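# Structural characterization, general
Okay, here's what each chain looks like letter by letter:
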Amino acid sequence: MTGTDIQQAKAFLEAGELVAIPTETVYGLAGNALDPAAVLSIFRVKNRPAFDPLIVHTNAFERLWEFVREIPEKALVLAEHLTPGPITFLLPKAESVPDLVTSGLDTVAVRIPRHEVSLSLLSQLAFPLAAPSANPFGYISPTTAQHVEQQLGKQIAYILDGGACEVGVESTIVGFEGDQVIVYRKGGTPIERIEQLVGPVEVRAHSSSNPQAPGMLKSHYAPRTPLTLMNDFVSVPHSDRIGVLSFQNDYGRLHQEILSITGDFAEAAHNLFAAMRRLDALGLDRIYAELVPERDLGTAINDRIRRAAAE
Ligand code: TXA
Ligand code: MG
């Protein structure tokens, strides 16, 4: 069932059931993070391997102390300026967090989403919410309640509709080693913004499987239709069985999606996953996708396009 009733969502979560929640990045498939049975059903519904840990969501910075042992100085600075917002912190986990949530790792991923509806829900709950993106494992993340409904609607108690996600790509994941800030996933908070606050970071967000962040497998966020990176439009076959995903150019094709006519990164990120889904739904032979300039939110957009292209 899809609706906008926060009390209904709260009741289901308190009963140990799963609810899809809106965030500023993508929709999450949420359950009580402190209840191993609820967490287990998240893995089951998503068909997600148990070695891929979940992000724990809460509404206020002070509440982080309920599930982390330590917050390094630079994490404090980032949290002060960037939360609520599209950034996730890897921090030493407290005993209260079940090992299932972190796949046995000693760090827990925590985040404060910037979405009115979910902040209200979280503030009324006595526990934090474990929530991966609300898509079947390996598929494109959902940015509307309808996306969730189409794929997981039958398997979850409630979908809390908070409209289309503003940012449109997942949170940036940061970890800390001594004084060094490490970026493990490029996302909704640009690296340039993080570096303004804490100086140079190390980027360990590979496009292949990452042992520190096991979920960051190469073929992720992928449509069912084969997707090829488009280096040069001239090489794209002339066929109505081909889809084209472009940044701002209108290539005049029958099946094409333009992410932002004005070349605006925020608009392009906001549109990315919905555009991929629309092209995927056409059952075409192949999608050709163009990379965007590699800066600002463009790095997160390109990361998603490259992963979608990995066979
Ligand atoms: O924007 C987001 O972060 C969305 C919304 C719903 O909050 N959530 C999201 O969750 O993207 P998910 O599960 O699709 O991606 C979380 C990533 C995974 O790649 C996982 O491997 C990594 O975070 N992760 C979680 N806990 C970790 C940990 N302790 N150490 C390293 N990586 C971790
Ligand atoms: Mg995901």
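Everything numeric in this text was worked out from a predicted model, so none of it was measured. (Residues numbered from 1 in each chain as written. Chains lettered and ligands numbered in written order. Predicted model: local features only at pLDDT ≥ 70, side-chain atom pairs only at ≥ 80, totals over all residues. Heavy atoms only, no water.)

## With respect to the pairing of strand β3 (residues 28-32)
Judged by how many residues are buried, β3 sits mostly within the fold: five of five residues are covered. Hairpin connection, strand β2 (residues 19-21) to β3: the antiparallel pair is bridged by six residues. The sheet contact formed by β3 and strand β7 (residues 129-130) spans two bridges and is antiparallel. The residue bridging N32 from the neighbouring strand is L129, located in β7. (Buried < 20%, exposed > 50% of the residue type's maximum accessible area, 1.4 Å probe, protein only. Helix = DSSP H or I, 4+ residues; strand = E, 2+ residues; numbered from the N terminus. Pairing = 2+ DSSP bridges.)

## Here's the deal with the packing of helix α8 (residues 265-281) against helix α9 (residues 298-309)
α9 packs onto α8 with a crossing angle of 20° between their chain directions and a minimal axis gap of 9 Å. Considered as vectors, α8 and α9 are oriented roughly parallel to each other. Remark: the crossing between α8 and α9 carries left-handed chirality. For the pair formed by α8 and α9, the contact residues are F265, A268, A269, L272, F273 and M276 on the first element and G298, I301, R304, I305 and A308 on the second. (Axes fitted to C-alpha atoms, helices over the stretch in contact; angles between N-to-C directions. Parallel < 35°, antiparallel > 145°, perpendicular 65-115°, else oblique. Left-handed = near helix turned anticlockwise from the far one by under 90°. Contact = heavy atoms within 4.5 Å.)

## Some thoughts on the packing of aromatic side chains
Tallying each qualifying case throughout the model produces four aromatic pairs. Their ring planes at 15° and their centres at 6.3 Å tell us that F89 and F176 sit as a pair that is stacked. Taken together, the residues span a long stretch of sequence, with F89 in strand β5 (residues 87-92) and F176 in strand β9 (residues 172-177) at a distance of 87 residues. (Phe/Tyr/Trp six-rings, centres within 6.5 Å; stacked < 30°, edge-to-face > 60°.)

## Considerations on the pattern of salt bridges
In total, this model carries 16 salt bridges according to the counting rule given. The partner of E166 in a salt bridge is R114, with the nearest N and O atoms 3.5 Å apart. Taken together, the residues E166 in the loop between β8 (158-160) and β9 and R114 in the loop between β6 (107-111) and α5 (116-123) connect sequence positions 52 residues apart. In this structure, a network of salt bridges that share partners links the residues E170, D303, R304 and R307. (Salt bridge = Lys/Arg side-chain N within 4 Å of Asp/Glu carboxyl O.)

## Things to note about α8
The end-to-end C-alpha separation of α8 is 24 Å, in line with the 24 Å expected for 17 residues at 1.5 Å each. Considering bend angle alone, the principal kink of α8 is centred on L272 and spans about 45°. Among the structural elements, α6 (145-152), β13 (242-246), β14 (255-258), β15 (286-289) and α9 are those in contact with the buried residues of α8. Two residues or fewer past α8, G283 is found with a positive phi of approximately 65°. (Expected span 1.5 Å × (residues − 1). Bend = angle between axes of the 7 residues up to and from the residue.)

## Some thoughts on α5
Every buried residue of α5 is accounted for by V117, S118, L121 and L122. The buried side chains of α5 occupy one side of the element, clustering within an arc of 125° when seen end-on. Considering only its buried residues, α5 is in contact with α1 (6-14), β2, β4 (55-57), β7 and β8. (Arc of directions from axis to C-beta.)

## Some words on the confidence of the model for the chain
Residues with a pLDDT of 70 or more make up 95% of the chain, whose mean pLDDT is 94. Considering only residues more than four positions removed or in separate chains, one finds that residues 207-211, a stretch of pLDDT under 50, has ten contacts. (pLDDT = per-residue confidence, 0-100.)

## What to know about the sheet that holds β14
On the basis of which strands lie adjacent, the open sheet formed by four strands has the order β12-β15-β13-β14 and parallel pairing. With one partner strand each, in any of the chains shown, β12 (227-229) and β14 form the two edges of the open sheet. Across this sheet, the average inter-strand angle for adjacent strands is 20°, counted without regard to direction. As paired strands, β13 and β14 are joined by four bridges and run parallel to one another. Note that in β14 the partner of S246 across the bridge is I258. Helix-sheet contacts for α8 involve β13, β14 and β15, and the interaxial angle to β13 is about 170°. Contacts from α9 reach β12 and β15, with the element oriented near 125° to β12.

## Re the side chain of H115
Summarising the element assignment, H115 is placed in the loop between β6 and α5. Classification of H115 as buried rests on a relative accessible area of 13%. If sequence neighbours within four positions are ignored, H115 has contacts with P22, T23, E24 and G162.

## Points about the environment of E267
Structurally, E267 is set in helix α8. Expressed as a C-alpha distance, the spacing of E267 and V167, which sit 100 residues apart in the sequence, is 8.2 Å. Setting aside chain neighbours within four positions, we find E267 in contact with L259, S260, I261 and T262. Only 2.7 Å separates the side chain of E267 from the side chain of S260, close enough to count as a polar contact. (Polar contact = N/O pair within 3.5 Å; in protein donor to acceptor, adjacent residues only side chain to side chain.)

## Details of the nonpolar core
Judged by nonpolar contacts, the single largest core of 42 residues is most densely connected at L78, F89, V110, I156 and V174. Non-local contacts of F89, meaning those with residues more than four positions away in its chain, are made with A75, L78, A79, T83, V108, A109, V110, V174 and F176. Judged by nonpolar contacts, the second largest core, of 27 residues, contains I140, F247, A269 and I287. (Core = buried A, V, L, I, M, F, W, Y, C linked by side-chain atoms within 4.5 Å.)

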